[in-house]
Amino acid sequence: VQLQAFGGGLVQPGGSLRLSCAASGSIFSINAMGWYRQAPGKQRELVAVITSGGSTNYADSVKGRFTISRDNAKNTVYLQMNSLKPEDTAAYYCNAEGRESRSLRFTSWGQGTKVTVSS
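As the structure is a prediction and not an experimental result, all values here were calculated from the model.

Peer 1: How do you make sense of the pattern of salt bridges when you look at a structure like this?
Peer 2: Under the definition given, this model contains four salt bridges. Arg-37 is the partner of Glu-45 in a salt bridge, and the nearest nitrogen-oxygen pair spans 2.7 Å. With a shortest N-O distance of 2.9 Å, Asp-88 and Arg-37 are connected by a salt bridge. Of this pair, Asp-88 sits in the loop between β8 (76-81) and β9 (90-99) while Arg-37 sits in strand β4 (residues 29-38); the two residues are 51 residues apart in sequence, bridging distant segments of the chain. For Arg-37, a relative accessible area of 6% gives the class buried.

Okay, here's the thing in structure tokens:
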């Protein structure tokens with residue numbers, strides 16, 4: 001299963017960006033889809049995750065500013081990022097966990113998309 005992310009770029013503080021990530025390949029089902037980020041010199045951290053049923057979980061640092069959503073029919077997850085701060089600058093990676101068949105699970109990562117928040 002392959003994931004391809006889109007939507008990164010340069011934005012001023014207080015601005016917005018929308019990331020998207022589409023899964024393709026041999027997909028029987030997808031359980032959780034999420035976004036992680038990694039800033040230079042730091043460990044990768046969870047930003048937000050959403051289950052197939054729509055339950056969400058966010059890092060405290062993005063609550064109230066970021067919204068994760070998904071289109072199950074398109075196997076796509078989105079991250080709407082508002083009120084961006086310089087500390088949100090990082091490479092953002094999408095992640096998906098599910099099954100390629102009834103007996104074969106998968107965990108896949110996207111290639112990363114860079115978000116830079118700077119004036």
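Peer 1: What should I look at first to understand unusual backbone geometry in this one?
Peer 2: One can expect most non-glycine residues to show negative phi and most peptide bonds to be in trans. Positive phi, close to 50 degrees, is recorded for Asn-75, a residue that is not glycine. The topology assignment puts Asn-75 in the loop between β7 (66-71) and β8. Even without a glycine there, the phi angle at Ser-83 is positive, about 50 degrees. In this structure, Ser-83 sits in the loop between β8 and β9.

Conventions adopted
Residues numbered from 1 in each chain as written. Predicted model: local features only at pLDDT ≥ 70, side-chain atom pairs only at ≥ 80, totals over all residues. Heavy atoms only, no water. Salt bridge = Lys/Arg side-chain N within 4 Å of Asp/Glu carboxyl O. Helix = DSSP H or I, 4+ residues; strand = E, 2+ residues; numbered from the N terminus. Buried < 20%, exposed > 50% of the residue type's maximum accessible area, 1.4 Å probe, protein only.

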